[in-house]
Protein chains: 2
Amino acid sequence: MLISAFASPLAREFHTVQSRGPGLVSSCRRSIKPISLINTLISMEYSIRPARAQDCTDIERMIMDLAVYEKMPDQVKICHKELERDGFGPNPFFQCLVAEVPQEHSSPGGHTVVGYALYFYTYSTWRGRCIYMEDLYVMPDFRGKGIGKALMATVAKVAMEQQCVRLQFSVLDWNRPSLDFYLSKGAQDLTEKEGWHFLRFDGEALEKLALEAP
Amino acid sequence: MLISAFASPLAREFHTVQSRGPGLVSSCRRSIKPISLINTLISMEYSIRPARAQDCTDIERMIMDLAVYEKMPDQVKICHKELERDGFGPNPFFQCLVAEVPQEHSSPGGHTVVGYALYFYTYSTWRGRCIYMEDLYVMPDFRGKGIGKALMATVAKVAMEQQCVRLQFSVLDWNRPSLDFYLSKGAQDLTEKEGWHFLRFDGEALEKLALEAP
């Protein structure tokens, strides 16, 4: 699943942020600090932090939420154990940030981890280190508070810190609100601009190709 | 740069392979073994092996060849030292395979490393481990011998060995011969089929986004 597989949640998240104008976004942003440091709250406090292995059950839950929302829950073939193995070993396949709220603001189901951004490092042979953001998700009850934007901006901050020169991701063409939001923030649509198509070998086609290796 | 930035070389490589029909492809394939093991040669022997740090000057040369071919040499901002740092440390940002020919078959310039496939691991939150192939290149004098196909198939083999469920890459829409080749091998064009667009933040837009992080 790529980032805009959850088109509407993102669209709503960002659309809400945008429609409120820069003032409130700015105010909300100031409240995004480790909880212990927050003295004044705008509407809801939350923190953004690197995921730990024990967050994988929450991440798995949100991956599935997203797939259910998209009416494709049967597409999810991994569980928290695989996420733990692949994301928290010595050579992790991905990195993850989570958004957390204090217990008193937990979801109706009692969850305090309410959003995540999952990304990994990639490489451009012209420019060097890059980051690809695979997923960006915020639970429906917690949208419109700038959490999605804070997650995305934090991924961009990590990119800068790690000397990455690009932050890349994919969006579905019918997800116009999200596309417009990203473009308004200065992203370039390389499919539109340069004609890049995204291709994939999987399943039998991948197996067959591998059999042709020397 | 993504894989089909070098549209025509790839197209020619694969088109030649295809036009020769499966018989010769198969014959060539059998010759792709470590040089010491080759007893009979069809037209040219070569081996595919993981790149070493000392190959970075060759890889840099071929990255630049490609950029010159595309009339965009000024786009290349990295050199072999950065490739060494980023690809051969304890947590490499990429992996690379090279195609090598024996000294007696070296290029007019004396090069024996004549092609490369540069890839990295990515992650699907629905399916798990994946590989993205960033570059696939064969020097013009060495095309039409199945080297490009052998490189790509070896990346697919690595993907299977590492329990990766997808091999992904990008192709320019005007690069019809390459697109058709990949589709004929069973690849799916996700931009065409599902409408995925490839987006990027870089330069000032990335810096500005990072400044919005909490």
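Residues numbered from 1 in each chain as written. Chains lettered and ligands numbered in written order. Predicted model: local features only at pLDDT ≥ 70, side-chain atom pairs only at ≥ 80, totals over all residues. Heavy atoms only, no water.

S.K.: Could you clarify how one ought to interpret the overall build of chain A in this entry?
M.R.: Regarding its fold elements, chain A presents eight helices and seven strands. A buried classification covers 59% of the 214 residues belonging to chain A. Sequence-distant contacts in chain A: of pairs separated by 6 or more residues, those separated by 24 or more amount to 62%. Surface summary for chain A: the accessible area is close to 8700 Å², and the carbon and sulfur share equals 52%. (Helix = DSSP H or I, 4+ residues; strand = E, 2+ residues; numbered from the N terminus. Buried < 20%, exposed > 50% of the residue type's maximum accessible area, 1.4 Å probe, protein only. Contact = heavy atoms within 4.5 Å. Areas by Shrake-Rupley, 256 points an atom, 1.4 Å probe, with all protein chains shown as cover.)

S.K.: Please clarify how the packing of helix H3 (residues 56–69) of chain B against helix H4 (residues 80–87) of chain B should be interpreted in this entry.
M.R.: Any two packed helices are characterised by the angle at which their axes cross and by the distance between the axes. Residues and elements named next belong to chain B. Remark: H3 packs on H4, axes separated minimally by 8 Å, with the N-to-C direction vectors making an angle of 120°. Viewed along their axes, H3 and H4 adopt a mutual orientation that is oblique. Of the two possible hands of crossing, H3 and H4 adopt the one that is right-handed. Taking contact as the criterion, the partners of Cys-56, Thr-57, Ile-59, Glu-60 and Ile-63 in H3 are, on H4, His-80, Leu-83 and Glu-84. Across the contact of H3 with H4, the residue classes tally to four nonpolar, two polar and two charged. (Axes fitted to C-alpha atoms, helices over the stretch in contact; angles between N-to-C directions. Parallel < 35°, antiparallel > 145°, perpendicular 65-115°, else oblique. Left-handed = near helix turned anticlockwise from the far one by under 90°. Nonpolar A, V, L, I, M, F, W, Y, C, P; charged D, E, K, R; others polar.)

S.K.: Just checking my understanding: could you explain the relation of the copies chain B and chain A for this structure?
M.R.: Both copies of the chain are related through a single rotation about an axis accompanied by a shift along the same axis. Note on the identical chains: chain B maps onto chain A by a rotation of 180° and an axial translation of 0.0 Å, with an RMSD of 0.0 Å. The superposition of one copy onto the other is thereby described by a two-fold rotation axis. Using C-alpha coordinates, one finds that chain B approaches the rotation axis most closely at Asn-91 of chain B, a distance of 3.2 Å. (Least-squares fit on C-alpha atoms with pLDDT ≥ 70 in both.)

S.K.: What is the right way to read the sheet that holds strand E3 (residues 113–124) of chain A from this model?
M.R.: In sheet architecture, strand pairing relies on hydrogen bonds along the backbone and comes in two forms, parallel and antiparallel. Reading across the sheet, the seven strands line up as E1(A)-E2(A)-E3(A)-E4(A)-E5(A)-E7(B)-E6(A) and stay open at both edges, with mixed pairing between neighbours. Looking at which strands have only one partner, the edges of the open sheet turn out to be strand E1 (47–50) and strand E6 (188–189) of chain A. The pairing of E1 of chain A with strand E2 (residues 95–100) of chain A spans four bridges and is antiparallel. Bridged to Pro-50 of chain A within E2 of chain A is Leu-97 of chain A. Strands in contact with helix H6 (residues 176–184) of chain A are strand E4 (128–138), strand E5 (166–172) and E6 of chain A together with strand E7 (196–202) of chain B; relative to E5 of chain A, the strand with the most contacts, it is inclined by about 160°. (Pairing = 2+ DSSP bridges.)

S.K.: Can you walk me through the sheet that holds strand E6 (residues 188–189) of chain B in this structure?
M.R.: The strand order across the open sheet built from seven strands is E1(B)-E2(B)-E3(B)-E4(B)-E5(B)-E7(A)-E6(B), with neighbouring strands paired in mixed fashion. Strands with a single pairing partner mark the edges of an open sheet, and in this sheet they are strand E1 (47–50) and E6 of chain B. Note: strand E7 (residues 196–202) of chain A against E6 of chain B, two bridges, orientation antiparallel. What sits directly across from Arg-200 of chain A, in E6 of chain B, is Gln-188 of chain B. Along the sheet face, helix H6 (residues 176–184) of chain B touches E7 of chain A together with strand E4 (128–138), strand E5 (166–172) and E6 of chain B and points at about 160° away from the line of E5 of chain B.

S.K.: Before we go on, may I ask you to explain the packing of aromatic side chains in this structure?
M.R.: Each pair of aromatic rings is reported with the distance of its centres and the angle of its planes. Inspection of every chain in the model, using the stated rule, returns 20 aromatic pairs over all chains. Measuring from ring centre to ring centre gives 5.8 Å for Phe-169 of chain A and Phe-201 of chain B, while their planes differ by 35°; the resulting arrangement is tilted. In this pair, Phe-169 of chain A is assigned in strand E5 and Phe-201 of chain B in strand E7, connecting two distinct chains. The same class applies to Phe-169 of chain A as to Phe-201 of chain B, namely buried. Taking 5.5 Å as the distance between ring centres and 15° as the angle between the ring planes, the aromatic pair formed by Phe-120 of chain B and Tyr-132 of chain B counts as stacked. Taken together, the positions of Phe-120 of chain B in strand E3 (residues 113–124) and Tyr-132 of chain B in strand E4 put the pair twelve residues apart, joining distant regions of the chain. (Phe/Tyr/Trp six-rings, centres within 6.5 Å; stacked < 30°, edge-to-face > 60°.)

S.K.: Just to check I follow, could you spell out helix H8 (residues 203–211) of chain A for this structure?
M.R.: Residues that lie three or four places apart on an α-helix share one face, since the helix turns once every 3.6 residues. Residues and elements named next belong to chain A. Considered for burial, the residues of H8 that qualify are Ala-205, Leu-206, Leu-209 and Ala-210. Projected down its long axis, H8 shows its buried positions confined to an angular sector of 135°, all on one face. Exposed residues lying more than 90 degrees from the buried face of H8 are Glu-204, Lys-208 and Leu-211. (Arc of directions from axis to C-beta.)

S.K.: Help me understand the state of the cysteines, please; the structure alone is not making it clear to me.
M.R.: What we call a disulfide is simply a covalent bond connecting the sulfur atoms of a pair of cysteines. Residue and element names in this part refer to chain A. Considering all chains together, one arrives at zero disulfides over all chains under this definition. Unpaired in this structure, Cys-164 has its nearest cysteine sulfur neighbour in Cys-130, at a distance of 6.7 Å. Given a relative accessible area of 4%, Cys-164 falls into the buried group. (Disulfide = S-S within 2.5 Å.)

S.K.: What exactly am I supposed to notice about the pattern of salt bridges here?
M.R.: Any two side chains of opposite charge can pair, so long as their charged atoms come close to each other. Applying the stated rule across the entire model yields 16 salt bridges over all chains. Two residues, Asp-55 of chain B and Arg-49 of chain B, come together in a salt bridge whose shortest N-O distance is 2.8 Å. If you follow the salt bridges from partner to partner, you end up with Arg-49, Asp-55 and Glu-100 of chain A in one network. (Salt bridge = Lys/Arg side-chain N within 4 Å of Asp/Glu carboxyl O.)

S.K.: What is the right way to read helix H3 (residues 56–69) of chain A from this model?
M.R.: All names here are of chain A. The end-to-end C-alpha separation of H3 is 20 Å, in line with the 20 Å expected for 14 residues at 1.5 Å each. Here H3 has its buried residues at Cys-56, Asp-58, Ile-59, Arg-61, Met-62, Ile-63, Leu-66 and Ala-67. Positioned one or two residues after H3, Lys-71 has a phi angle of 60°, which is positive. (Expected span 1.5 Å × (residues − 1).)

S.K.: Help me out: how do you make sense of the environment of Leu-206 of chain A in this one?
M.R.: Note on placement: Leu-206 of chain A falls in helix H8. A relative accessible area of 2% places Leu-206 of chain A in the buried class. Those residues in contact with Leu-206 of chain A that lie beyond four places of it in its chain are Phe-201 of chain A together with Ala-156, Met-160, Cys-164, Val-165, Arg-166 and Leu-167 of chain B.

S.K.: Even after reading the chapter, I still don't get the confidence of the model for chain A, so can you show me in this structure?
M.R.: Note: predicted coordinates in regions of low pLDDT should not be interpreted at a detailed level. All names here are of chain A. The predicted model of chain A has a mean per-residue pLDDT of 81, with 79% of residues at 70 or higher. Mean pLDDT values for the elements of chain A range from 27 in helix H2 (residues 21–31) up to 98 in E2. Here residues 1–42 is modelled with pLDDT under 50, and outside its nearest four sequence neighbours on either side it reaches 104 contacts, counting other chains as well. (pLDDT = per-residue confidence, 0-100.)

S.K.: Honestly, the pairing of E3 of chain A in this entry has me stumped. Any pointers?
M.R.: Residue and element names in this part refer to chain A. The buried count for E3 comes to eleven of twelve residues, which makes it a mostly enclosed element. With six bridges joining them, E2 and E3 adopt antiparallel strand pairing. Opposite Leu-97, over in E3, you have Ala-117 as the bridge partner. Note that E3 and E4 share ten bridges and pair antiparallel. Pairing of Ser-124 across the sheet is with Gly-128, part of E4. The loop that links E3 with its antiparallel partner E4 comprises three residues.

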